[in-house]
Amino acid sequence: MTASGVFITFEGGDGSGKSTQIQRARTWFEERNFAVIVTREPGGTDLGTHLRQLVQNGPEDIDPRTEALLYAADRAYHVSTVIRPALARGVIVLADRYIDSSLAYQGAARELGTEEIRALSAWATQDLKPHLTFLIDLPPEVGARRNTDAPDRMERESTDFHEAVRHEYLRLADAEPERIVVIDGVGTPDEVFSEIRGVLNERFPEDSSAEDTESVEPGHQQPGEEKAMHTQQTVESPADRKDIGSRTEQRKRRSSQAPTMVGFLDGGAQATLWEPAEDGTLI
């Protein structure tokens, strides 16, 4: 078996609290002595920081195809310079957004077509796919209430736009239940991470943690995308919470069928239970 890292992505609409939860996941791995980095899209590299400024705060007349190509350019560089090298070193990579974001925002909400965006993203990344994705789901109006700063050009889109994003995310989760775990994002940060922690405990059993492994800082780590307010408790209405139980049960059923992600090689080295394909891509 060939040792390689584990690629985990965090997805969700604006205001979902992804960046708060990804930092908590990072701490969870560090406490178990796993080598882990946190990165984001766009903005996980110096080049990505400039592209992020363009797509989030650039001219309002950026057309959908240009937007999609800017995200693809960022992703190609990000994968080749940050994600793949880290995975090759056996590091756990936690990414705030990845291809699913482009499928939801550009493919569905911008109406460019999910298959077209999927093909573009596969070409840009040489078909690198995450092993696990946490989709933090909540109604767009809840996310909008959480945002107290001036919205960027994506956040200024209509409610219909953000509903289309959410619908596509949930469709993707239905299509790939073993990879995408839906987490109810309406509750407090502690409640949300409780669900995430449950999945991590299932996928990364306690006896699989690496010994004497130092945490790795990414060379271009940026501050979290979500606002600091997401680290505080948020009280939502009963209507916002009405389907927490059903989605939690769905998550439990899916997770119970999912494979354990981490095992040991001879000598106790950390390794995933997936092997790279012959062309070097992770499957």
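Residues numbered from 1 in each chain as written. Predicted model: local features only at pLDDT ≥ 70, side-chain atom pairs only at ≥ 80, totals over all residues. Heavy atoms only, no water.

Focus: the packing of helix α3 (residues 64-88) against helix α4 (residues 99-109)
Two numbers describe a pair of packed helices, the interaxial angle and the distance between the axes. In plain terms, the rule: Note on geometry: axes are C-alpha line fits, over the in-contact stretch for helices, and angles between N-to-C directions span 0 to 180 degrees. Strands are runs of DSSP state E lasting at least 2 residues, helices are runs of H or I lasting at least 4, and numbering of each runs from the N terminus. Orientation is classified from the angle alone, with under 35 degrees giving roughly parallel, over 145 giving roughly antiparallel, 65 to 115 giving roughly perpendicular, and any other angle giving oblique. Should any heavy atoms of two residues lie within 4.5 Å, those residues are considered in contact. In this classification, Asp, Glu, Lys and Arg are treated as charged, Ala, Val, Leu, Ile, Met, Phe, Trp, Tyr, Cys and Pro as nonpolar, and every other residue, Gly included, as polar.
α4 packs onto α3 with a crossing angle of 180 degrees between their chain directions and a minimal axis gap of 11 Å. Taken together, α3 and α4 sit at an angle that is classed as roughly antiparallel. On the side of α3, the interface is formed by Glu67, Ala68, Tyr71 and Arg75, while α4 contributes Ile99, Ser102 and Gln106. Looking at the contact of α3 with α4, its residues break down into 3 nonpolar, 2 polar and 2 charged.

Digging into helix α5 (residues 114-125)
Condition: In this scheme, a helix's expected span is set at 1.5 Å multiplied by one less than its residue total. Exposure classes here rest on a 1.4 Å probe applied to the protein chains alone. A residue is buried below 20% of its type maximum, exposed above 50%, and partly exposed in between. The arc in question is traced by the directions running from the helix axis to the C-beta atoms.
Look at α5: 16 Å from first C-alpha to last across 12 residues, which is about the 16 Å you get at 1.5 Å a residue. Listed as buried for α5 are Thr114, Ile117, Ser121, Ala124 and Thr125. In a view along the axis of α5, the buried residues occupy a sector of 90 degrees, so they form one face of it. Across α5 from its buried face, at more than 90 degrees, point the exposed residues Glu115, Glu116 and Trp123. On its buried side, α5 packs onto α3, α4 and α7 (159-175).

What to know about the nonpolar core
Rule in force here: Grouping buried Ala, Val, Leu, Ile, Met, Phe, Trp, Tyr and Cys residues that are joined through side-chain atoms within 4.5 Å yields what is termed a nonpolar core.
In terms of nonpolar packing, the biggest core is built from 33 residues, with Phe7, Ile83, Val93, Tyr98, Tyr105, Leu128 and Val165 touching the most fellow members. Tallying contributions element by element places α3 first for this core, with 8 residues. Those residues in contact with Val165, other than ones at most four positions away along the chain, are Ala104, Tyr105 and Ala109. Within the second largest apolar cluster, 23 residues are counted, among which are Val6, Val38, Leu94 and Ile183.

A closer look at the sheet that holds strand β2 (residues 36-40)
Worth spelling out the cut-off: When DSSP locates at least two bridges between a pair of strands, those strands are taken to pair.
Pairing is parallel in the open sheet, where 5 strands are placed in the order β2-β3-β1-β4-β5. Taken across any chain shown, the strands that pair with only one partner, and hence form the sheet edges, are β2 and β5 (180-184). Between one strand axis and the next, the sheet turns by 20 degrees as a mean value, whatever way the strands run. Where β2 meets strand β3 (residues 92-96), 5 bridges bridge the pair, whose relative direction is parallel. The residue of β3 that forms the bridge with Val38 is Leu94. This element, helix α8 (residues 189-203), spans β1 (6-12), β4 (132-137) and β5 of the sheet and lies at about 150 degrees to β5.

Brief notes about unusual backbone geometry
In this structure, the amide linkage connecting Glu41 to the following residue, Pro42, adopts the cis form with an omega of -15 degrees. By secondary structure assignment, the location of Pro42 is in the loop between β2 and α2 (46-57). The backbone phi angle of Asn33 is positive, close to 65 degrees, even though this residue is not glycine. Turning to its location among the elements, Asn33 is positioned in the loop between α1 (18-31) and β2. With a relative accessible area of 36%, Asn33 lands in the partly exposed category.

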